Amino acid sequence: MDFKMIPTFLQEKIEKAPGEKLDFAEYITTVLYHPLEGYYMKPKNKVGTKGDFITSSNVHNVYGKLFAKLMVEYFNKTLIPPVIIEVGGGNGRFAKHLLEEFKLLDTQLYGRLNYVMVETSPYHIHLQKTTIPESEPVSYFTSSGDVPESLRKGVLFSNELFDALPVHVIEYKNGTLNEVYVTIGENGELTEKSVQLDNEEIHAYINKHKLFFSEGQRMEIPLAMVEYANILGKWLHAGTIITVDYGYRFPELSNQDLKEGSLRGYYQHQLIKNPLKYPAEMDLTSHIHLDTLESCFLACKFRHVGTMRQGEFLVAAGILDYLQENQDPNPFSEKSKQNRAIRSLIMDSSWSNSFHVLIHEKGTNIWNKLIGSKPQ
């Protein structure tokens, strides 16, 4: 990589850091969340055909419709106040589609609804306010800590939130655990540097979960995910946490196809294996540790209803009810588009099934009935 391609703010950050190197968590934080130049913070399309990646909620409004149905049922069958908190809502399309359907399903309940958007990016807040009509009962906050106490019971929803949080990168070589850092090479390019692991939090995480490393293996350690999950778990006093994200179980981490870890970039809908390429110009993501996220919410007194592949969850939740008899020969009709979207979301081979849906609830015991059976 040519030295000129390293953004000035990143170059200065590395040069001022101890040893002129950043651990990967600091590197990811810098290139994704720098207040002005970070990928998520600056005014640039990230989602959709003109962006770098696509999310389930952007495939079709049927995704938001289904969650609206579930939440209407949930609020009507429990004493939880009708509050929906979406963290990291992106361009706001999920909220828009959910609110439109919610209003149609139960006008009276909609009249009491509070929809809370928690979003750190000013650009994304702008997109959300542009996408969601002002007449909708939506309030915007840049931090969960700013949300009033009265709105801390309800359903907390996130889609691809935790996979975008910073991670440390660990590498096992010659019988030694090393942490991988980012520095500037002799030719002025971003490069990696491995140093024997001395981070006690990472050691504690590895020991707690009894993680095993084979020679040459890399693994991401999600300390930021643990911290934020604990914040959210303590923040929501009662209700449900619904998490949609990529993830693996601990036994899967030893699979050969994960030997180089899961940290990747997405740039113009292309998967980029080198996370140092296009700094601050591409999305960075890694698969979350599902077992860890579940244990964090359990520690915060939430009951783990279950975790399942997104396609299985959508079928259990009733998405097939939205399939329509398609006698329309026009493949671009709304009926045809909706049917295709449903198939793309539930097929075993679909990218949709690389996502998991995790459900945790506190103060209620209703989700097993809402989705028909307990997720495994």
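Let me sum up the structure you'll find in this document.

Criteria and cut-off values
- Residues numbered from 1 in each chain as written.
- Predicted model: local features only at pLDDT ≥ 70, side-chain atom pairs only at ≥ 80, totals over all residues.
- Heavy atoms only, no water.
- Helix = DSSP H or I, 4+ residues; strand = E, 2+ residues; numbered from the N terminus.
- Buried < 20%, exposed > 50% of the residue type's maximum accessible area, 1.4 Å probe, protein only.
- Salt bridge = Lys/Arg side-chain N within 4 Å of Asp/Glu carboxyl O.
- Axes fitted to C-alpha atoms, helices over the stretch in contact; angles between N-to-C directions.
- Parallel < 35°, antiparallel > 145°, perpendicular 65-115°, else oblique.
- Left-handed = near helix turned anticlockwise from the far one by under 90°.
- Contact = heavy atoms within 4.5 Å.
- Nonpolar A, V, L, I, M, F, W, Y, C, P; charged D, E, K, R; others polar.
- Pairing = 2+ DSSP bridges.
- Arc of directions from axis to C-beta.
- Core = buried A, V, L, I, M, F, W, Y, C linked by side-chain atoms within 4.5 Å.

Description of unusual backbone geometry
One non-glycine residue with positive phi stands out, namely Glu20, at about 50 degrees. Inspection of the secondary structure assignment puts Glu20 in the loop between α1 (8-16) and β1 (21-23). In this structure Glu20 comes out as partly exposed when scored by relative accessible area, which is 46%. Of note, Lys301 is a non-glycine position whose phi angle comes to about 75 degrees, a positive value. Within the secondary structure, Lys301 sits in the loop between α9 (290-299) and β15 (303-309).

Section: the pattern of salt bridges
Inspection of every chain in the model, using the stated rule, returns 10 salt bridges. Here Glu100 and Lys96 are joined by a salt bridge, their closest N and O atoms 2.7 Å apart. Separated by four residues within a single helix, Glu100 and Lys96 lie in helix α4 (residues 93-105), roughly one turn from each other. For Glu100, a relative accessible area of 33% translates into the label partly exposed. Among the ionic pairs, Glu171 bridges to Arg218, the shortest N-O distance being 3.2 Å. Placement of the pair is Glu171 in strand β6 (residues 168-173) and Arg218 in strand β9 (residues 218-221), with a sequence separation of 47 residues. You can call Arg218 buried: its relative accessible area is 19%. Put simply, Glu171, Glu192 and Arg218 are held in one network by salt bridges that share partners.

A few points about the packing of α1 against helix α2 (residues 24-33)
Interaxial distance between α1 and α2 falls to 10 Å at its minimum, and their mutual angle equals 155 degrees. Taken as axis vectors, α1 and α2 run roughly antiparallel relative to one another. At the point where α1 passes α2, the crossing takes the right-handed sense. For the pair α1 and α2, contact is made by Phe9, Leu10 and Lys13 and by Glu26, Tyr27, Thr30 and Val31, respectively. Its residues assigned to classes, the contact of α1 with α2 comprises four nonpolar, one polar and two charged.

Some points on the sheet that holds strand β11 (residues 264-267)
If you trace the three strands from one edge of the open sheet to the other, you get β12-β11-β13, paired in antiparallel fashion. Two strands lie at the open edges of the sheet, namely β12 (270-272) and β13 (283-285), each paired on one side alone. Taken over all neighbouring pairs, the strand axes of this sheet differ in orientation by 30 degrees on average, direction set aside. Of the pairings in the sheet, the one linking β11 to β12 comprises three bridges and is antiparallel in character. Residue pairing across strands places Gly265 opposite Ile272, the latter belonging to β12.

Focus: helix α10 (residues 310-317)
Within α10, burial applies to Gln310, Gly311, Phe313, Leu314 and Ala317. One face of α10 carries all of its buried residues, which in axial projection span an arc of 160 degrees. Following α10 by one or two positions, Gly318 has its phi on the positive side, about 105 degrees.

Side note on the packing of helix α3 (residues 62-77) against α10
Where α3 contacts α10, the axes come no closer than 11 Å and their chain directions differ by 55 degrees. The angle between α3 and α10 places the two elements in the oblique class. Relative to α10, the crossing made by α3 is left-handed. Along the contact surface, α3 presents Tyr63, Leu66, Phe67, Lys69 and Leu70, while α10 presents Gln310, Phe313, Leu314 and Ala317.

Section: the nonpolar core
Counting 46 residues, the largest nonpolar core has Phe67, Phe102, Phe313 and Trp367 as its most contacted members. No other element matches the 10 residues that α3 contributes to this core. What Phe102 contacts, discounting residues up to four positions off in sequence, is Ala68, Met71, Val72, Phe75, Ile84, Leu109, Tyr110 and Leu113. Listed in part, the 27 residues of the second largest apolar core include Ile85, Leu165, Trp235 and Leu290.

Keep in mind these numbers describe shape, not what the thing actually does.
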